[in-house]
Amino acid sequence: MIAVLAGGVGAARFLEGLVQVVPPETIVAIVNTGDDMAFHGLHVSPDIDIVMYTLAGIVDPSQGWGIRDDTTYALSMLATLGADTWFKLGDQDLAVHIRRTELLRAGWTLSQVTDAFRRALNVGVRLLPMSDDPVATEIATPAGWLHFQQYLVQRRARDEALGIRFVGVEQARPAPGVLEALRAAEVIVIAPSNPVVSIGTILAVPGVRDAIMASSAPVVAVSPIIAGAPVKGPAAPLMRAVGLEVSVRGVAACYCGLIDVLVIDRADADLADDVRASGAEVTVTETIMRGPAEKRRLAEATLAAARTAVRRRAYQRVSQEG
Ligand code: GDP
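Keep in mind that this is a model prediction, so the values were computed, not measured.

Notes on the nonpolar core
- Among the nonpolar cores identified, the biggest contains 57 residues, and Leu5 and Leu182 are the most heavily contacted of them.
- When sequence neighbours within four positions are dropped, the list of residues in contact with Leu5 reads Ile30, Leu182, Ile188, Val189, Ile190, Ala191, Ile199, Ile202, Leu203 and Ile212.
- With 43 residues, the next largest nonpolar core counts Leu15, Ala29, Ala191 and Ala305 among its residues.

As structure tokens, this is what we get:
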């Protein structure tokens, strides 16, 4: 079984490649819920939905989120009625949030709802929220603390990011199955997601980091940073806000002591030695995922990197014993 720590768009694309290489039923995605927020009284889980819609084949490919060819009649009416509509929600998307909220109010947990939805949408990959307890990622700005969605979507990441906190994370318990998946995994992959506000949030849930550290499985991360910039999204200011360089060196520093291998792009080949100095092995390959073939190749390279890490460990053990 392969456990994948996942944010939104980068992770969803990576998982599209992984399901071409191994049976979907052998993959467990542990998904960030620090971006979750209530809109119009409804519980929205953006990263879970991005991953779910993508694997269900219904995601809007131009945006990487939302549902393809969705309409926005409900949002227009909400605007007419005076609601704040800066967070774009299509009509079919809204149906997901309505049903999720209804089930949560009836006493279901977020993991139960997520499992029911992914089955209904024929997604073979198991999707686990990182926690069933509420965690809110907030960004410190000169205007005060903003919820991640306010910072990113409402204010378009224009405020200077000064710091990050995960409200509620100390009390959050890993969702059922999360620690079990990390313990049972043959390979643990950190998807090419925002290292600070997607992966950092998951790692902050008590018990998750320890479970990864205690695992005998190789841990492979794919860098979301290529040639000093993220492919998309606000990783650059948020990495800087926590003192990380926006480069594969910064990604390696962020995952220092946690990962065995970092997969980096050919554009960053000259930084491979710097990454090795942080203690991780390096695999250099194409990491931009445009079409299905590129996604598949990146998944294959990531699993090959994991196999190399296993061999390296076995070799080290033998040479220590000998
Ligand atoms: P978000 O919640 O939608 O921002 O999702 P993630 O945290 O999963 O994804 C954002 C990160 O994914 C960004 O830092 C991007 O650089 C990275 N990303 C997106 N597409 C690609 C890609 O094709 N290749 C790589 N290596 N990273 C990508």
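A word on the site of the ligand
- Ser193, Asn194, Pro224, Val231 and Thr287 are the nearest of the 22 residues found near the ligand.
- Ser198 places a polar side-chain atom, nitrogen or oxygen, 2.8 Å from an oxygen atom of the ligand.
- Between Met289 and the ligand, the recorded distance is 2.8 Å, taken from a backbone N or O atom to an oxygen atom.
- Expressed as a share of its isolated accessible area of 590 Å², the protein-covered part of the ligand is 96%.
- Take the shell around the ligand: its biggest share by element is 4 residues, from helix H1 (residues 9–21).
- For the shell around the ligand, a count of residues per class yields 10 nonpolar, 8 polar and 4 charged.

Considerations on H1
- The end-to-end C-alpha distance of H1 is 19 Å, a good match for the 18 Å that 13 residues give at a rise of 1.5 Å each.
- Among the residues making up H1, those that are buried are Val9, Gly10, Ala11, Ala12, Phe14, Leu15, Gly17 and Leu18.

Notes on the pattern of salt bridges
- What the rule picks out here adds up to 14 salt bridges.
- A salt bridge links Arg118 to Asp115; its shortest N-O distance comes to 3.0 Å. Of the two residues, Arg118 and Asp115 both sit in helix H5 (residues 110–120), 3 residues apart, roughly one turn of that helix.
- Arg118 sits in the buried class, given a relative accessible area of 6%.
- Linking Glu300 and Arg296 is a salt bridge whose minimum nitrogen-to-oxygen distance equals 3.0 Å. Taken together, the residues Glu300 and Arg296, both in helix H13 (residues 292–321) and 4 residues apart, mark about one turn of the helix.
- Overall, Arg296 belongs to the partly exposed group, its relative accessible area being 34%.
- What you see here is one network of salt bridges that share partners, running through Asp115, Arg118 and Arg119.

Some points on the sheet that holds strand S10 (residues 219–222)
- Overall, parallel pairing links the 7 strands, which are arranged S5-S2-S1-S9-S10-S13-S14 in an open sheet. The sheet is open, and its two edges are formed by strand S5 (126–129) and strand S14 (281–285), each paired on a single side. Direction aside, the axes of adjacent strands within the sheet are offset by 20 degrees on average.
- The sheet contact formed by strand S1 (residues 2–6) and strand S2 (residues 27–31) spans 5 bridges and is parallel. Bridge assignment links Ala3 to a residue of S2, and that residue is Val28.
- Docked against the sheet, helix H2 (residues 46–56) engages S2 and S5, running at close to 175 degrees with respect to S5.

Procedures and definitions
Residues numbered from 1 in each chain as written. Predicted model: local features only at pLDDT ≥ 70, side-chain atom pairs only at ≥ 80, totals over all residues. Heavy atoms only, no water. Core = buried A, V, L, I, M, F, W, Y, C linked by side-chain atoms within 4.5 Å. Buried < 20%, exposed > 50% of the residue type's maximum accessible area, 1.4 Å probe, protein only. Contact = heavy atoms within 4.5 Å. Near = heavy atom within 4 Å. Polar contact = N/O pair within 3.5 Å; in protein donor to acceptor, adjacent residues only side chain to side chain. Areas by Shrake-Rupley, 256 points an atom, 1.4 Å probe, with all protein chains shown as cover. Helix = DSSP H or I, 4+ residues; strand = E, 2+ residues; numbered from the N terminus. Nonpolar A, V, L, I, M, F, W, Y, C, P; charged D, E, K, R; others polar. Expected span 1.5 Å × (residues − 1). Salt bridge = Lys/Arg side-chain N within 4 Å of Asp/Glu carboxyl O. Pairing = 2+ DSSP bridges. Axes fitted to C-alpha atoms, helices over the stretch in contact; angles between N-to-C directions.

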